[in-house]
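# Breakdown of the fold
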Amino acid sequence: MALRVKALESLLVEKGLVDAAALDAIVDHFEHKVGPRNGARVVARAWSDPAFRDRLRADATAAIAELGFMGRQGEHMVAVENTPTTHNLVVCTLCSCYPWPVLGLPPVWYKSAPYRSRAVIDPRGVLKEFGTELADDVEVRVWDSTAEVRYLVIPERPPATEALSEDELAALVTRDGMIGTTRL
Amino acid sequence: MGGMVNMGPLAPEAAEPVFHHGWEARVHAMTVASPTRGNIDAGRHQRELIPGPQYLAMSYYEKWFTSLKALLLKHALVSPAELAGGKADPKAPKATPRLAADAVTAAMTAQGSYVREAAPPQFSVGEAVRARNLNPPGHTRLPRYVRGRRGLVTARHGAHVFPDSNAHGKGEDPRPLYTVRFAATELWGPDAHPKDSVSLDLWEPYLERA
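These numbers were taken from a predicted model, which means no experiment stands behind them.

## Thoughts on the environment of Tyr55 of chain B
Residue and element names in this part refer to chain B. Relative to the elements of secondary structure, Tyr55 occurs in helix α3 (residues 52-57). Overall, Tyr55 belongs to the partly exposed group, with 16 C-beta atoms counted inside 10 Å. Contact partners of Tyr55, with chain neighbours within four places excluded, come to Ile50 and Lys63.

Dropping the structure here:
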């Protein structure tokens, strides 16, 4: 594959269709500038600032943009909040839709057939494989990202974290917690 | 494939890198930078045109690589001879890359929108709707597992670019977009958990009053 990809890149550069330095910059953007640390900051802000949480509920795209996170695959954001009685799980059964500005690029399992096919019909079985056991009285809401709306799960704030700063709270937030396959 | 159950283990990976191989990063970047990137629905449709058995056997970025080459040929941006030989035809005009290195950050973080002006929505939040049993020959974002099923509108998102039209170069044809919640028991039968649900974002032409 590496040789075939290199050959295509050389051809596209030679034809003036892409710029090799722009490709470097794109790779750098997705390896270093976006990723779940961005989403963790959104969650930590929502936990510590009730006014921000209200704005996140009313218009998540605008609230997330306050922290500087916006752009491709984050054009229409919706935040879904876990509670003691509700658990949210995000999937894209049709392809690999994922909120790039806040979570970066999705992991392989998220865009693979086993997760895409099973998350909608057997969410509790999928959660169990991620080590997440839910009580029978917890409602599971699965969100299948079929359009350009992108979902970010706001996990429940862990107990005994009242004294933590926003940065310390953000360090507790995991990627899988914001997809909904795990609880914090 | 939503609703199938025997596709293998989920296989989460500890400390997964963003890209597993250098070539994956280049395929991703070329797809994002290519002049074919303008129409997201056409890109998705192109990946769906990979025949099922091959689609399931390929890795994610192999699918992207295959689709990128197909789109470049379809738009006559490269010729079959150029693709086979790996060299540009000396007679072909040289383009100017649309995306320059110093414009990448701005392009990735520009706040776009798929919302367009269109006729007002017919359905209200709280209204019962049924996903129509449609089986179009081309691209659609109406998953098979909700066709014919009844759900409740839980949100309206304005009118969004309609993929069934846009994917085929037939224009954006914006239509009202809704979030529709389906009870798990409605989708999967009486053995599903009575509290659970699946919500999807569905365009008005996919829906009828229930």
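## Topic: the domain arrangement of chain B
Residues and elements named next belong to chain B. According to the domain assignment, chain B contains domain 1 (22-109) and domain 2 (115-209). For domain 1 versus domain 2, the separation of C-alpha centres amounts to 30 Å. Contacts between domain 1 and domain 2 engage six residues on the former and five residues on the latter. Looking at the side of domain 1 that touches domain 2, its residues break down into one nonpolar, two polar and three charged.

## Some remarks on the interface of chain B and chain A
Across the boundary between the two partners, chain B contributes 72 residues, which contact 64 residues of chain A. Those elements that provide at least two residues to the side of chain B that touches chain A are α1 (22-33), α2 (40-48), α4 (60-74), α6 (104-109), β3 (150-160) and β5 (197-203) of chain B. When residues of the side of chain B that touches chain A are assigned to their parent elements, the largest contribution, 10 residues, is made by α1 of chain B. Here the residues of the side of chain B that touches chain A sort into 40 nonpolar, 19 polar and 13 charged. With four bridges joining them, strand β3 (residues 139-144) of chain A and β5 of chain B adopt parallel strand pairing. Bridge pairing links Asp144 of chain A to Leu200 of chain B in β5 of chain B.

## Looking at helix α3 (residues 36-48) of chain A
Every α-helix carries 3.6 residues per turn, so stepping three or four residues along brings you back to the same face. All names here are of chain A. For α3, built from 13 residues, the straight-helix expectation of 18 Å at 1.5 Å per residue is met to within 8% by its first-to-last C-alpha distance of 18 Å. Taking burial as the measure, the 13 residues of α3 include 10 buried ones, the bulk of the element. Listed as buried for α3 are Asn38, Gly39, Ala40, Arg41, Val42, Val43, Ala44, Arg45, Ala46 and Trp47. Tucked into the core, α3 has its buried residues touching α4 (50-58), α5 (60-66), α6 (100-103), β4 (149-154), α9 (166-170) and α10 (175-179).

Parameters and conventions
Residues numbered from 1 in each chain as written. Chains lettered and ligands numbered in written order. Predicted model: local features only at pLDDT ≥ 70, side-chain atom pairs only at ≥ 80, totals over all residues. Helix = DSSP H or I, 4+ residues; strand = E, 2+ residues; numbered from the N terminus. Buried ≥ 20, exposed ≤ 12 C-beta atoms within 10 Å, placed from the backbone. Contact = placed C-beta atoms within 7 Å. Domains from an automatic or database assignment. Nonpolar A, V, L, I, M, F, W, Y, C, P; charged D, E, K, R; others polar. Pairing = 2+ DSSP bridges. Expected span 1.5 Å × (residues − 1).

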